[in-house]
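Chain by chain, the residues run as shown.
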Amino acid sequence: MNIHTYEKAWLAIAMVLIVGFIATITYGAVGPGIAMIDDDGGTIDPDTINDDERFSDPGVTHVSGNEYNVSVVAQAWSYTPGEITVPANSTVNFHVTSRDVTHSFTVVGTNVNTMVVPGQVSQMTVEFDEPGEYGILCNEYCGEYHHTMEGKLNVVPEDEFDLTEVDTEAPDEAQLGNETTINATVSNGMNYDLETTATLEIGDQTVEQDVTVPGHGSEAVAFEVDTADLGTGDHDWTVTVDGYEDGDTLTVTSATEGGDGDA
Ligand code: CUA
């Protein structure tokens, strides 16, 4: 059989294209390590999301090394948390579920794009190499304010990332001459111990205390304050831990004024 030269050429081009298409699809499926969204996340009762340990306090948790879990709850018309911060060079496992209707969780400019169906937990693993800022949006129509449903994902340099928090509790008022206590709670969300220093600044006094906070734990620090050193009046104070601070104002009253018996 004699095949015309042009026909041979077209046959050859067609074969190349077919092989090319198959190669592209194969590479896309296995090459860049993109996992298809699956049902590993399992099911969840949308009415009891707050009782589920993954979603009772949604946000970032440190697993180990450079691996983090991020749980997100979608609801009309926002994400909780609205802003997510993870470090660069990390592997992040997202778990997303919905409290009400079907939404999506789409990280603009990445291949993260999943439907978020009430009763289901969408799960995906993403590697973030470089610092950057990404918008998160919902692209499943979910009601009147669908177009306003958005969030933010920050990938920050590794040395700028930690999961330290500081909360304080202290009386607003103390009588001159009495001691009072400013209590701070330092939380460490990383999966290893945090050795750091808590610093109280009040008036012109600075008090430092070393504290070791266990991984995924918190530690209380108590600062004794002698009001005689401060004198009467309002004294702003802050407790600082690793760049995080919390504070308030302590009013020292003279023994005769105020004096509503809390001494
Ligand atoms: Cu949520 Cu559209």
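Presented here is a report on the structure given in the accompanying data block. Please read all numbers here as calculations on a predicted model, not as lab measurements. (Residues numbered from 1 in each chain as written. Predicted model: local features only at pLDDT ≥ 70, side-chain atom pairs only at ≥ 80, totals over all residues. Heavy atoms only, no water.)

## A closer look at the environment of V241
The condition is simple: Per the convention used, a helix needs a DSSP run of H or I reaching at least four residues, while a strand needs a run of E reaching at least two, with both numbered from the N terminus. Pairs of residues are marked as contacts when any of their non-hydrogen atoms sit within 4.5 Å.
Following the sequence through the fold, V241 ends up in strand β17 (residues 233–241). Between the C-alpha atom of V241 and that of E169, which follows or precedes it by 72 residues, the distance is 15 Å. Ignoring anything within four residues of it in the chain, the contact list for V241 reads T164, V166, V186, T196, T197 and A198.

## Describing a negative patch on the surface
To be explicit about the condition: Each patch is built from residues that are more than 30% exposed by relative accessible area and take part in no salt bridge. Like charges join if they lie within 9 Å; nonpolar side chains (Val, Leu, Ile, Met, Phe, Trp, Tyr) join within 5 Å. What sets the accessible areas is the Shrake-Rupley method with a 1.4 Å probe; for residues, cover comes only from the shown protein chains. A pairing counts as a salt bridge when a side-chain nitrogen of Lys or Arg comes within 4 Å of a carboxyl oxygen of Asp or Glu. Counted as positive: Lys and Arg. Counted as negative: Asp and Glu, with His and the chain ends omitted from the count. For the purpose of locating charges, the reference atoms are NZ of Lys, CZ of Arg, CG of Asp and CD of Glu.
Residues D193, E195, E201, E208, D210 and E245 make up a contiguous surface patch of negative charge. If you list the elements that add at least two residues to the negative patch, you get β14 (194–202) and β15 (205–213). Within the fold, D193 resides in the loop between β13 (179–188) and β14.

## Examining the sheet that holds β15
Worth spelling out the cut-off: Paired strands, in this sense, are two strands between which DSSP finds at least two bridges. Axis lines are fitted to C-alpha atoms, over the contacting stretch for helices. Their N-to-C directions set the angle, which ranges from 0 to 180 degrees.
Reading across from one edge, β12-β18-β17-β14-β15 is the order of the five strands in this open sheet, with mixed pairing throughout. Looking at the sheet topology across the chains shown, the edges are occupied by β12 (173–175) and β15. The average undirected angle you get between the axes of adjacent strands in this sheet is 25 degrees.

## Looking at the environment of A184
With respect to the element layout, A184 can be found in strand β13. As for A184 and V30, which are separated by 154 residues in sequence, their C-alpha atoms are 49 Å apart. For A184, the contacting residues outside a window of four places in its chain are V166, D167, T168, E219, A220, V221, F223 and V239.

## Details of the nonpolar core
Definition in use: Joining through side-chain atoms within 4.5 Å is the link that ties buried Ala, Val, Leu, Ile, Met, Phe, Trp, Tyr and Cys residues into a set, and such a set is a nonpolar core. Remark: exposure states derive from per-residue accessible area (1.4 Å probe, protein chains only) relative to the maximum for the residue type, with buried under 20%, exposed over 50%, and partly exposed in between.
Within the largest apolar cluster, 29 residues are counted, with the highest numbers of intra-cluster contacts made by I84, V86, F94 and F105. Broken down by element, the residue count for this core peaks at four residues, all from strand β2 (residues 67–75). The contact partners of I84, leaving out residues within four places of it in the chain, are V60, V70, V72, F94, F105, I136, K152, L153 and N154. Counting residues in each nonpolar core, the second largest holds 20 residues, with L194, I202, V213 and V241 among its members.

## Comments concerning the layout of surface pockets
Over the atoms rolls a probe the size of a water molecule, and its path tells where empty space is left. Where we set the bar: A cavity, in this analysis, means grid points on a 1 Å lattice covering only the protein atoms where a 1.4 Å probe fits yet has no way out; a pocket is instead an open set bounded by protein on both sides within 12 Å along at least five of seven lines, and a residue lines either one if it has an atom within 4 Å of a point. Grid points are joined across faces, edges and corners, and a volume is the space filled by probe spheres set on the points. Classes in brief: Ala, Val, Leu, Ile, Met, Phe, Trp, Tyr, Cys and Pro nonpolar; Asp, Glu, Lys and Arg charged; the others, Gly included, polar. Either an automatic procedure or a domain database provided the assignment from which the domain bounds are taken.
Within this model, the largest pocket holds a volume of roughly 770 Å³. Contributing to the lining of the largest pocket are 29 residues, with P58, G59, V60, T61 and L163 lying nearest its centre. When residues of the lining of the largest pocket are traced back to their parent elements, those giving at least two are β1 (59–64), β2, β4 (83–87), β11 (164–169) and β13. Examining the composition of the lining of the largest pocket, we find that four residues originate from one element, β1, more than from any other. Broken down by class, the residue content of the lining of the largest pocket amounts to nine nonpolar, 13 polar and seven charged. Looking at which domains feed residues into the lining of the largest pocket, each of domain 1 (33–160) and domain 2 (164–257) supplies at least three.

The values are spatial; any link to function lies outside them.
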